[in-house]
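Analysis of the macromolecular model
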Amino acid sequence: TAAIHKKYNLSAVKILTNCLAISLLLLSVTYYLGEDGRISYFPSYFISILVLGLALFKRITPLLTQTPITTILLVTLLGFMCSNILIAGGDFSTAALYTGYSLLILTFLYGLAFTSQAHEWFYLAFLSVLVAAASVSSAISIFLFFNLDYQPLDENRLYAIGSLGNPVLSAISYGAALVVALSYLSVSRESGLFLLTLGFCCLLVFAVILTGTRSVWPGFLAAVVSLILISSKRRALKVKLFVALGALILIAVAAVFTFGFSESIIKRSTSFRPEIWQATIEA
């Protein structure tokens, strides 16, 4: 009886793990290519249920015990964000709703970590699907930007497809995929995949530029510096890469001031908050 029970548990865990892997891959696709938010985040509900199922079989417990500090920080941060809703005057139903969103985030993170441990192929597959989906989304968005007279915003900025319509959201989302693609370029040894990934990087960079969102570039710069420090083991090569990166930054800054974009950047960097505050005070 004990052997049958153990075999049943292993089969159930295997089914849950495989379903979780499929749901996570589907989420990376629907996030970038889903028509709206309901479609984009629908796989996250399956992920939450599957992770809770694995927790019943005590498969998530080792992850929690191995990362106690990370778990505490995540729970504290999400709990603080939810409690701020009540402090700011929100009702209990709204706070409960965002608590549910927080649980979806937690189950996604631990589901991703668990599946990466359970399947050796999953980690690379998930990142590959994510970059491919982001590249397809950016390619379609760029095509529509230049070929359709559709500008729902006052400024001439790229309006991405699906649920990524907000230029800031699309820029950050494309930027995250760009960092993943760039990290692969730093270690790639296959010329075919290298060229394909390089093409994806060019698409994503162009899309981020067209969004007109500047906040993504400091994070991207930090990611590039981290990649240089991690991937390159030779000190001389690190120095050359940092010199090249510094030269590019200086050229970009010089071009900004030369062509008169400095005032626009300074104003946009504050998200027009001083102007908004001034108008509010005068009103």
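Further up the page is the structure itself.
Residues numbered from 1 in each chain as written. Predicted model: local features only at pLDDT ≥ 70, side-chain atom pairs only at ≥ 80, totals over all residues. Heavy atoms only, no water.

1. Some remarks on the nonpolar core
Among the nonpolar cores identified, the biggest contains 44 residues, and Leu20, Tyr32, Leu54 and Tyr174 are the most heavily contacted of them. Of all the secondary structure elements, the ones that give two or more residues to this core are α1 (2–33), α3 (42–56), α6 (92–118), α7 (122–147), α8 (167–185), α9 (191–211) and α10 (216–231). If we ignore the near neighbours within four places in the chain, the residues touching Leu54 are Val13, Leu16, Thr17, Leu20, Arg59, Ile60 and Phe114. (Core = buried A, V, L, I, M, F, W, Y, C linked by side-chain atoms within 4.5 Å. Buried < 20%, exposed > 50% of the residue type's maximum accessible area, 1.4 Å probe, protein only. Helix = DSSP H or I, 4+ residues; strand = E, 2+ residues; numbered from the N terminus. Contact = heavy atoms within 4.5 Å.)

2. Thoughts on the packing of α6 against α7
Relative to each other, α6 and α7 sit at 130 degrees, their axes nearing to 8 Å. Accordingly, the angle class assigned to the pair α6 and α7 is oblique. Between α6, through Phe108, Leu112, Thr115 and Ser116, and α7, the contact on the second element is made entirely by Phe122, Tyr123 and Phe126. Residues that form the contact of α6 with α7 fall into these classes: 5 nonpolar, 2 polar and no charged. (Axes fitted to C-alpha atoms, helices over the stretch in contact; angles between N-to-C directions. Parallel < 35°, antiparallel > 145°, perpendicular 65-115°, else oblique. Nonpolar A, V, L, I, M, F, W, Y, C, P; charged D, E, K, R; others polar.)

3. Concerning the packing of α7 against α8
Packing of α7 against α8 leaves a shortest axis separation of 9 Å and a crossing angle of 130 degrees. As summarised for this structure, α7 and α8 are arranged oblique, according to the angle between their axes. Between α7 and α8 lies a crossing of left-handed hand. Contacts from Leu127, Leu130, Val131, Ala134, Ser137, Ser138 and Ser141 in α7 reach Tyr174, Ala177, Val180 and Ala181 in α8. Residue composition of the contact of α7 with α8, by class: 8 nonpolar, 3 polar and no charged. (Left-handed = near helix turned anticlockwise from the far one by under 90°.)

4. Describing the environment of Val75
Relative to the assigned elements, Val75 resides in helix α5 (residues 68–87). C-alpha separation for the pair Val75 and Leu106, spaced 31 residues apart in sequence, amounts to 8.1 Å.

5. Things to note about a nonpolar patch on the surface
There is a patch of nonpolar side chains on the surface, built from Phe42, Tyr45, Phe46, Leu97, Tyr98 and Tyr101 and spanning about 620 Å² of accessible area. Those elements giving two or more residues to the nonpolar patch turn out to be α3 and α6. Here Phe46 shows up in helix α3. (Patch = residues over 30% accessible without salt bridge, like charges linked within 9 Å, V, L, I, M, F, W, Y side chains within 5 Å. Areas by Shrake-Rupley, 256 points an atom, 1.4 Å probe, with all protein chains shown as cover. Salt bridge = Lys/Arg side-chain N within 4 Å of Asp/Glu carboxyl O.)

6. Re the layout of surface pockets
Its boundaries defined by the atoms lining it, the second largest pocket holds a volume of some 620 Å³. As for the second largest pocket, its lining consists of 20 residues, and the residues nearest its centre are Leu27, Tyr31, Tyr41, Ile105 and Phe108. Looking at the lining of the second largest pocket, the elements that each hand over two or more residues are α1, α3, α6, α7 and α8. Top contributing element to the lining of the second largest pocket by residue count: α6, with 7 residues. A per-class count over the lining of the second largest pocket returns 17 nonpolar, 3 polar and no charged. (1 Å grid on protein atoms, 1.4 Å probe; cavity = no way out; pocket = protein on both sides within 12 Å on 5 of 7 lines; lining within 4 Å. Points joined across faces, edges and corners; volume = space filled by probe spheres on them.)

7. What about the state of the cysteines?
A disulfide bridge is the covalent bond that connects two cysteines by way of their sulfur atoms. Within the structure shown, the criterion is met by 0 disulfides. Here Cys202 stays free of any disulfide, with the sulfur of Cys201 as its closest cysteine sulfur at 6.9 Å. (Disulfide = S-S within 2.5 Å.)

8. Re the side chain of His119
Its place among the elements puts His119 in the loop between α6 and α7. One polar contact links His119 to Asn18, side chain to side chain, over a distance of 3.2 Å. Those residues in contact with His119, other than ones at most four positions away along the chain, are Thr17, Asn18 and Ala21. (Polar contact = N/O pair within 3.5 Å; in protein donor to acceptor, adjacent residues only side chain to side chain.)

9. Regarding unusual backbone geometry
Positive phi outside glycine occurs at Lys58, with the angle close to 60 degrees. Summarising the element assignment, Lys58 is placed in the loop between α3 and α4 (61–66).

10. Side note on the packing of aromatic side chains
Overall, the coordinates contain 9 aromatic pairs when judged by the stated rule. Centroid distance Trp121 to Phe122: 5.9 Å. Interplanar angle 70 degrees. Geometry classified as edge-to-face. By relative accessible area, which is 0% here, Phe122 ends up buried. On the numbers, 6.1 Å between centres and 15 degrees between planes, the contact of Phe146 with Phe206 is stacked. (Phe/Tyr/Trp six-rings, centres within 6.5 Å; stacked < 30°, edge-to-face > 60°.)

11. Comments concerning α8
In an α-helix, one full turn covers 3.6 residues, which means residues spaced three or four apart are oriented alike. Relative to the 27 Å expected for 19 residues at 1.5 Å per residue, α8 spans 26 Å between its end C-alpha atoms, a close match to the ideal helical length. Buried residues of α8: Pro167, Ser170, Ala171, Ser173, Tyr174, Gly175, Ala177, Leu178, Ala181 and Leu185, and no others. Sitting at the amino-terminal end of α8 is Asn166, which places a side-chain oxygen 2.8 Å from the backbone nitrogen of Val168. (Expected span 1.5 Å × (residues − 1).)

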